[in-house]
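Structural description and commentary
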Amino acid sequence: MVSYSPSNSNSNRNNRSRFNRMFNFQTNSGSFRFFLLFLMVLQNSSVVLVGRYTRDSKTTEELYVVNHLIIITEFGKLVLASLLEYQVTNGKLWNSIQTNIIQVPLDALKISIPSMLYLLQNTLLYVALSNLSAPMFQVTYQSKLLTTALVSVVMLQRKYTVKQWACLTILGVGVAVVVLGASSSSEESSTIDAEKPVQSLSKGLGAVTIACFSSALAGVYFEKVLKKTTSTASGEQKAPVSLWMRNIQMAFFSVLIALVNGYRVTGDDSDKPFLHGFTFWVWVVALLQAGGGLLVAAVIKYADNVLKGLATGVSVVTSTACSMVLFGTPLTLQFAFGAVIILASVYFFSNDMPGSDGKKKESPSSTEDVEMQKPLVSPSSKPVQK
């Protein structure tokens, strides 16, 4: 039997404080922020390129079922969020579960709504990756900034500056330029492989559009839930539920919904057993998706809009260059022009224009940063606490 002594507790506390001081020193350095930039670019580019490869390199019979991948990914997020909640509560994970789930089941049930929306989004994103090239997907998916802004105005009565509305308008123009260029090029060259799934530009763009709106609805709703104070069974108000506990709830409902959805699958996928077609690269996608939430959390705490905007642009350029080399994706001048317009709009939406006074302003923006779901592309902006 191991005896407990206060000296052991003090020693552990001192060791933890020394570790925290060392960790804080490192995270405040410029090299750590550059390391975050590197990780964001690596994660955002890799998950799109590898995801595209897993959907394009296999025949219809060899393809994995997207719903199976989502179950694995969400379960991974559930484990990671539980570990982080265990850490922030100093080992009192079960007490946190009792306080925030068992005692207030209706409050936890609210998270089922964004869970369903994010499940729809993630499913559609893989449909888009099956029909669009990696550069086309990343560029058009930046439209989520526009859809999130529109939903925020309606649901949160959020106000935007003239500069931000101008950026959103220019972003829409850039997307139109890219899409029109892709439509004309797809009509000129259409090679069909009988063994592989037929790719459709309109199907891919439709999936991206619906995914952007479902992401916006889920993100804004999730922000409202995060900011809203909760009450105990006796009616007393308590502190807002932690970010990681909310992600535990969201991942839990996502797994349940995905399991139920698995029984409703029809067509060729219904005959495929669980984990069918899960190659090494599919597991890499699952790992990138699940671990991406940790990166988002680090960016929220230590990075700023400049770093995130820069990471978005570098990620698109990196994935475009890799896609040209690995997949032979053609790059037209019209696509490059539209991509520059889109990336400039995303960057200046949350950052000062050149020649401005450079004062830091809190700008209302996308709420995707507050959740562990899917960062298939880098979050473009940070939520503002009212």
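Above this text is the structure in question.
We now turn to the structure provided with this report. Source: prediction; values computed, not measured.

Criteria and cut-off values
Residues numbered from 1 in each chain as written. Predicted model: local features only at pLDDT ≥ 70, side-chain atom pairs only at ≥ 80, totals over all residues. Heavy atoms only, no water. Helix = DSSP H or I, 4+ residues; strand = E, 2+ residues; numbered from the N terminus. Buried < 20%, exposed > 50% of the residue type's maximum accessible area, 1.4 Å probe, protein only. Contact = heavy atoms within 4.5 Å. Areas by Shrake-Rupley, 256 points an atom, 1.4 Å probe, with all protein chains shown as cover. Core = buried A, V, L, I, M, F, W, Y, C linked by side-chain atoms within 4.5 Å. Salt bridge = Lys/Arg side-chain N within 4 Å of Asp/Glu carboxyl O. Patch = residues over 30% accessible without salt bridge, like charges linked within 9 Å, V, L, I, M, F, W, Y side chains within 5 Å. Axes fitted to C-alpha atoms, helices over the stretch in contact; angles between N-to-C directions. Parallel < 35°, antiparallel > 145°, perpendicular 65-115°, else oblique. Left-handed = near helix turned anticlockwise from the far one by under 90°. Nonpolar A, V, L, I, M, F, W, Y, C, P; charged D, E, K, R; others polar. Expected span 1.5 Å × (residues − 1).

What to know about the overall build of the protein chain
Within the protein chain one finds 14 helices and two strands. Considering the protein chain as a whole, with its 386 residues, one finds that 47% of them fall into the buried category. Restricting to contacts in the protein chain with at least 6 residues of sequence separation, those with at least 24 account for 84%. For the protein chain, the exposed area adds up to about 19,400 Å²; of that, 65% sits on carbon and sulfur atoms.

Things to note about the nonpolar core
Ranked by internal contacts, the top residues of the largest apolar core, which has 48 residues, are Leu69, Tyr126, Leu132, Phe137, Val139, Val208 and Ile342. Per element, the largest residue contribution to this core is seven residues, and it comes from helix 9 (residues 162–188). Those residues in contact with Val139, other than ones at most four positions away along the chain, are Val178, Val316, Phe335, Ala339 and Ile342. Of all hydrophobic cores here, the second largest spans eight residues; its members include Tyr118, Phe222, Val225 and Met250.

A few points about the pattern of salt bridges
Evaluation of the coordinates by the stated rule reveals four salt bridges. Residue Lys77 is joined to Glu74 by a salt bridge in which the shortest nitrogen-to-oxygen separation is 3.4 Å. With Lys77 and Glu74 both in helix 3 (residues 66–88), this residue pair falls three residues apart, about one helical turn. For the salt bridge of Lys110 with Asp107, the shortest nitrogen-to-oxygen distance reads 3.9 Å.

Thoughts on a nonpolar patch on the surface
The grouping of Leu150, Val153, Val154 and Trp165 at the surface amounts to a nonpolar patch, some 340 Å² of accessible area in total. Take the nonpolar patch: its biggest share by element is three residues, from helix 8 (residues 144–156). Tracing the sequence through the fold places Val154 in helix 8. Taking the relative accessible area as the measure of exposure, Val154 reaches 61% and is therefore exposed.

Some remarks on unusual backbone geometry
Of note, the phi angle at Asn90 is positive, near 55°, even though the residue is not glycine. Looking at the secondary structure, you find Asn90 in the loop between helix 3 and helix 4 (93–102). A positive phi is found at Leu275, a non-glycine position, where the angle reads about 70°. You can see Leu275 is positioned in the loop between helix 11 (243–262) and helix 12 (280–302). Since its relative accessible area comes to 29%, Leu275 is described here as partly exposed.

Overview of the packing of helix 6 (residues 112–131) against helix 10 (residues 201–227)
Running from N to C, helix 6 and helix 10 point in directions that differ by 155°, and their axes come no closer than 8 Å. Classed by the angle they form, the pair helix 6 and helix 10 counts as roughly antiparallel. In terms of crossing hand, the pair formed by helix 6 and helix 10 is left-handed. Residue classes in the contact of helix 6 with helix 10 are distributed as 17 nonpolar, six polar and one charged.

Section: helix 14 (residues 333–350)
Between its first and last C-alpha atoms helix 14 spans 27 Å; for 18 residues at 1.5 Å apiece the expected length is 26 Å, and the two agree. All of the buried residues along helix 14 are Phe335, Gly338, Ala339, Ile341, Ile342, Leu343, Ser345, Val346, Phe349 and Ser350.

Focus: helix 11
With 20 residues, helix 11 should reach 28 Å at 1.5 Å per residue; the first-to-last C-alpha distance of 28 Å fits that figure. Within the sequence span of helix 11, burial applies to Trp244, Met245, Arg246, Asn247, Ile248, Gln249, Met250, Ala251, Phe253, Ser254, Val255 and Ala258.

That is the geometry; function is a separate question.
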